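# Structural overview for review
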Amino acid sequence: MKTKIGVLSAGADCPGINSAIHWLVYSATDKDLVPRRGMMFDIVGIVDGWKGLIEVKPEKKESVKRWTMPLSADIVRTWDRYGGTRLGTSRVNPFNPQKDRSEELIQNIKKLRIEALVVIGGFDSLGVAYKLYREGVKLVGIPKTIDKDLSETEYTLGFDSAVNIITQDIDRLRITAGSHSRIFVVESMGRRAGWLALEGGEASGAAVILIPEHEFVMERVIELLKIRKKSGKRYSIVLVSEGAKPRGMEEIHQKRGRDGFGQYYLGGVGGFIAEEIEKHAKMEVRYTALRHLQRGGSPTAYDRRMGRKFGIGAVDMIANEDFGRMVSWRH
């Protein structure tokens, strides 16, 4: 008798997710491992994250075909080399206070005869997973977020790929900045964690790096840029995380408000900085928000390898009935 494992990716997409799915399937269906584990697995992918488990009608074949996907080693053979998520994703929150659909989701898991669920997600998605575990669903998490803002793990899928993209994009912007003798303010993602801006700025040689963990003083930023210009530097790159804020001010939000988890959409601080520099320093400034560019492209070698470790680790946890936790990379 085979144990049926469901796998889904929830929240934002990023490189590395497909690698985790690839190795989860390969590990779960490897017949040579059956004697050690004492069990065999069938894997089913859930389309579009939590939305798929809410919308599926298990009694209707067409609905099951629309929202689920049987996975085998042959099907996922090339997935590890692609970015994004081949299963699709969504930002649906089953526990949304306006319309709680968690009970529908739990019943659909039972009707689909899914005995264990692997959730590839970040802060919000794994928060949903833990709530479902408390309701009796057998769950294992895989950490996935370019922001690298999850506790208890030193790495989250997508981070290295995003840092590489930031570095490459700033290398391109540097050419234009140098040609026109301009300042470029570049805004990265990261929510309220500064890892992307910090490591991306270090790798690309940004002149100024601003992160949420430390409020910045606008006058000091302008002073540093003036010092560089006086020393003969033709251009400067200011890299700012979307959650960074000037001392004494609140973080800057996008006009579209909050998502299904009640989180504000951050963004726009780079535009504020660019305006302040032009106003007070009389320098030519351009503002670029990288935003979703950071999520695209193929996964780096590091993210492919981490996807392998996380995918295999998730299967081992299921075999050991180690539920209600996520695979983590520590020490």
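Values in this document were obtained by computation on a predicted structure and should not be read as measured data. (Residues numbered from 1 in each chain as written. Predicted model: local features only at pLDDT ≥ 70, side-chain atom pairs only at ≥ 80, totals over all residues. Heavy atoms only, no water.)

## A word on the nonpolar core
Just so we agree on the cut-off: The set of buried Ala, Val, Leu, Ile, Met, Phe, Trp, Tyr and Cys residues whose side-chain atoms join them within 4.5 Å is what this entry labels a nonpolar core. Throughout this description, buried means an accessible area under 20% of the type-specific maximum (1.4 Å probe, protein chains only), exposed means over 50%, and partly exposed covers the range between. Contact between two residues is taken to exist if any of their heavy atoms lie within 4.5 Å; hydrogens are not considered.
Counting residues in each nonpolar core, the largest one holds 49 residues, and the members touching the most others are Ile-21, Ile-43 and Ile-142. Among residues more than four places away in sequence, those in contact with Ile-21 are Val-7, Leu-71, Trp-79, Thr-85, Leu-87 and Ile-120. Listed in part, the 25 residues of the second largest apolar core include Leu-8, Ala-10, Leu-53 and Leu-112.

## A short note on the packing of aromatic side chains
Defined as follows: Each Phe, Tyr or Trp ring (for Trp, its six-membered ring) is paired with any other whose centre lies within 6.5 Å, and the angle between the two planes then decides the class: stacked below 30 degrees, edge-to-face above 60, tilted in between.
If you walk through the whole model with that rule in mind, you get four aromatic pairs. Each ring, one from Tyr-155 and one from Phe-159, has its centre 6.4 Å from the other, and the planes form 80 degrees; the classification is edge-to-face. Each member of the pair, Tyr-155 together with Phe-159, is buried. An aromatic cluster of three or more residues is present, and its members are Tyr-155, Phe-159 and Tyr-302.

## Regarding the environment of Ala-281
The following threshold applies: Numbering goes from the N terminus for both helices and strands, where a helix is a DSSP run of H or I of at least four residues and a strand is a run of E of at least two.
Within the secondary structure layout, Ala-281 lies in helix H10 (residues 269-281). With a relative accessible area of 13%, Ala-281 lands in the buried category. Residues Ala-281 and Lys-110, spaced 171 residues apart in sequence, show a C-alpha to C-alpha distance of 63 Å. If we skip the residues at most four places from it in the chain, Ala-281 touches Ile-222, Lys-226 and Glu-276.

## Considerations on the layout of surface pockets
As a reminder of what qualifies: Put plainly, a pocket is an open set of points on a 1 Å grid over the protein atoms alone with protein on both sides within 12 Å along at least five of seven lines, a cavity is a set where a 1.4 Å probe fits but cannot get out, and a lining residue has an atom within 4 Å of a point. Grid points are joined across faces, edges and corners, and a volume is the space filled by probe spheres set on the points. Residues were grouped as follows: Ala, Val, Leu, Ile, Met, Phe, Trp, Tyr, Cys and Pro as nonpolar; Asp, Glu, Lys and Arg as charged; and all remaining residues, including Gly, as polar.
Volume-wise, the largest pocket comes out at about 510 Å³. Every residue lining the largest pocket is counted, 28 residues in all, and those nearest its centre are Ala-12, Arg-91, Asp-147, Arg-191 and Arg-295. Only helix H6 (123-134), strand E9 (253-258) and strand E10 (264-266) provide two or more residues apiece to the lining of the largest pocket. Among the residues forming the lining of the largest pocket, the class breakdown is nine nonpolar, eight polar and eleven charged. By volume, the second largest pocket amounts to about 420 Å³. In terms of lining, the second largest pocket is formed by 16 residues, of which the most central are Leu-126, Ser-151, Gly-324, Arg-325 and Met-326. Broken down by secondary-structure element, the contributors of at least two residues to the lining of the second largest pocket are H6, strand E5 (139-143) and strand E12 (325-326). Ranked by residues supplied to the lining of the second largest pocket, first place goes to H6 with five residues. A class-by-class count of the residues in the lining of the second largest pocket yields nine nonpolar, four polar and three charged.

That is the geometry; function is a separate question.
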